[in-house]
Amino acid sequence: MSQVVITGTGLFTPEHAIDNAALVASFNAWVDAENARHAAAIAAGEREPLPHSSTEFIVKASGIHSRYVLDAEGILDPERMRPRLPERANDAPSIQCEMGLAAAREALGAAGVEAGDIELVIVACSNLERPYPAVAVELQDALGAGGYAFDMNVACSSATFAIETAANAIRAGSVKRALVVDPEICSAHLNFRDRDSHFIFGDACTAIVLESEEVAWAEERFEILGTRLVTRFSNAIRNNAGFLNRVTDSDPQAVDKLFVQEGRRVFKEVCPLVAALITDHLASLELTGGDLSRLWLHQANRHMNDLIARRVLGHDPSPDQAPIILDRYANTSSAGSIIAFHLHRGDLPGGALGVVCSFGAGYSAGSVVVRRQ
């Protein structure tokens, strides 16, 4: 079986950024307007006033200070509070294809690979902008890649699940080079009127080139020693938007058609699941947490990352051991762990070991153990 190496990564970051102060000002303006509109009911004790958000609350709850988004103006408008992304004609590039092109070109350049040499393209993300035709096939065409392409969705674990899928295709000899792209437009499925989650997400797109070692020639390579995936059903993170909404006569603007979660429950159930996944995966490779130089974890919540890293490593992680990028990117779903890998791997020496790990809705979690060659 062919040995698989990661030879290049790319990152698309939107030009617009929103810090906590601006987000809080918008949210609190909407809260004040809502409380004024329902003042009589509030005075009569028939309705509780909506509470304000604050920058202190956001940082304490998540560790997030800012986020990049495709459109800031629509999000910060208290009368809209969602991005404004104009509909595009069918013959124009889709938004996710455009994001994917930018990230993919950087990844291909880093790997020294021509788009025409790619034989498999997987677009993997938590929400796709349409059911069909596949964004991956559109991206394949726009790049001029060969072979075949398809979309997949495993929420925040989409990237690691796609990495295993691509790596298995290379190991089996079906393809020699694959491209995994994660165009996450998380701001479009976030309820910016929910105090408990209005700060969580940002937008970004990552890309990863995987190759059979026998055809790779990039100087920087990370050998994939193994991948492991796990799923366990849970309703604690959910989004009910879908094509059946129109035939069930449900309200397309209802809160459940956006991201909803039971945060405390997710924390209690996901952290031990992920720590066990990584620890058991390492053990199967005759490794321990002490052998790791780096953990590139899903960037959802600072407290979750610290706890998982502590359980895997056996001690409090240093900033170098478990780098955090959510402070400025927020939660970018499946792109988060790949952003951390993209930005925080250049200093590792040959032979250094690390784990790329995702976790999220499903529940789903994925572990990719790599070694720098």
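Everything discussed here concerns the structure shown above.
In this text the structure is predicted, and so the values were computed from the model without any measurement.

Peer 1: Tell me about the overall build of the protein, and name the residues and values.
Peer 2: For the protein, the helix and strand inventory stands at eleven helices and 13 strands. Relative to the 2.2 N^0.38 estimate, which gives 21 Å for 373 residues, the radius of gyration of the protein is 21 Å and therefore close to what a compact globule would have. Across its three principal directions, the C-alpha atoms of the protein cover 75 × 55 × 35 Å. Within the protein, buried positions represent 54% of all 373 residues. Once local pairs closer than 6 in sequence are excluded, the contacts in the protein between residues at least 24 apart make up 78%. Split by element, the accessible area of the protein, about 16,200 Å² in all, is 50% carbon and sulfur. Mean positive and mean negative side-chain charge positions of the protein (32 and 47 charges, respectively) differ by 4 Å.

Peer 1: Let's hear about the side chain of S212: which residues, and what values?
Peer 2: Tracing the chain through its elements places S212 in strand β7 (residues 203-212). Excluding anything up to four places from it in sequence, S212 contacts S2, Q3, I170 and K176.

Peer 1: Explain the pattern of salt bridges residue by residue, including any values.
Peer 2: Enumeration over the complete set of coordinates arrives at 15 salt bridges. Residue R37 pairs with E34 through a salt bridge whose shortest N-O separation is 3.1 Å. Taken as a pair, R37 and E34 lie in helix α1 (residues 20-37) at a separation of three residues, close to a single helical turn. For E98, the salt bridge identified is with R88, shortest N-O distance 3.0 Å. In this pair, E98 sits in helix α5 (residues 95-111) while R88 sits in the loop between α4 (73-76) and α5, placing the two residues ten residues apart along the sequence. Salt bridges here are not isolated pairs; linked through shared partners, they connect E220, R345 and R372.

Peer 1: I'd love a proper account of the packing of aromatic side chains, names of residues and values included.
Peer 2: All told, the structure shown has eight aromatic pairs when counted by the stated rule. Seen from their ring centres, Y68 and Y329 are 5.0 Å apart, and the 50° between their planes marks the pair as tilted. In this pair, Y68 is assigned in strand β3 (residues 66-69) and Y329 in helix α10 (residues 326-329), connecting sequence segments 261 residues apart. On the basis of relative accessible area, Y68 is assigned to the partly exposed category, the value being 24%. Residue class for Y329 comes out buried when judged on its relative accessible area of 6%.

Peer 1: Describe in detail a nonpolar patch on the surface, supporting the description with residues and values.
Peer 2: A contiguous nonpolar surface patch, about 350 Å² in accessible area, is contributed by F243, L244 and V247. Mapped onto the fold, F243 is located in the loop between β9 (237-238) and β10 (260-261).

Peer 1: Before we move on, can you summarise the environment of I208 with the specific residues and values?
Peer 2: Relative to the assigned elements, I208 resides in strand β7. For I208, a relative accessible area of 1% translates into the label buried. For the pair I208 and G10, spaced 198 residues apart in the sequence, the C-alpha separation amounts to 6.6 Å. Apart from the residues within four sequence positions on either side, I208 is in contact with I6, G8, T9, A107, I163, A178, L179, V180, D182 and I338.

Peer 1: Requested: an account of the nonpolar core, with residues and values cited.
Peer 2: Formed by 52 residues in total, the largest nonpolar core has its most connected members in I278 and L295. Only α1, α8 (263-284), β11 (294-297), α9 (302-313), β12 (353-360) and β13 (364-372) provide two or more residues apiece to this core. Of the residues forming this core, the biggest block, eight residues, is contributed by α8. Residues in contact with I278, not counting those within four places in the same chain, are L295, L297, I308, V312, V355, C357 and S367. Among the nonpolar cores identified, the runner-up in size contains 37 residues, and A159, V180, I208 and V368 belong to it.

Peer 1: I'd like a description of the packing of α5 against helix α6 (residues 135-143), backed by residues and values.
Peer 2: At their nearest, the axes of α5 and α6 sit 10 Å apart, and the two run at 55° to each other. Judged by the angle between their axes, α5 and α6 are oblique. In this structure, α5 crosses over α6, and the sense of that crossing is right-handed. Side by side, α5 and α6 meet where Q96, C97, G100, L101, A104, R105 and L108 of the first sit next to V135, E138, L139, A142 and L143 of the second.

Each value, and the rule that gives it
- Residues numbered from 1 in each chain as written.
- Predicted model: local features only at pLDDT ≥ 70, side-chain atom pairs only at ≥ 80, totals over all residues.
- Heavy atoms only, no water.
- Helix = DSSP H or I, 4+ residues; strand = E, 2+ residues; numbered from the N terminus.
- Rg over C-alpha atoms; globule rule 2.2 N^0.38 Å.
- Buried < 20%, exposed > 50% of the residue type's maximum accessible area, 1.4 Å probe, protein only.
- Contact = heavy atoms within 4.5 Å.
- Areas by Shrake-Rupley, 256 points an atom, 1.4 Å probe, with all protein chains shown as cover.
- Lys, Arg positive; Asp, Glu negative; His and termini not counted.
- Charge placed at Lys NZ, Arg CZ, Asp CG, Glu CD.
- Salt bridge = Lys/Arg side-chain N within 4 Å of Asp/Glu carboxyl O.
- Phe/Tyr/Trp six-rings, centres within 6.5 Å; stacked < 30°, edge-to-face > 60°.
- Patch = residues over 30% accessible without salt bridge, like charges linked within 9 Å, V, L, I, M, F, W, Y side chains within 5 Å.
- Core = buried A, V, L, I, M, F, W, Y, C linked by side-chain atoms within 4.5 Å.
- Axes fitted to C-alpha atoms, helices over the stretch in contact; angles between N-to-C directions.
- Parallel < 35°, antiparallel > 145°, perpendicular 65-115°, else oblique.
- Left-handed = near helix turned anticlockwise from the far one by under 90°.

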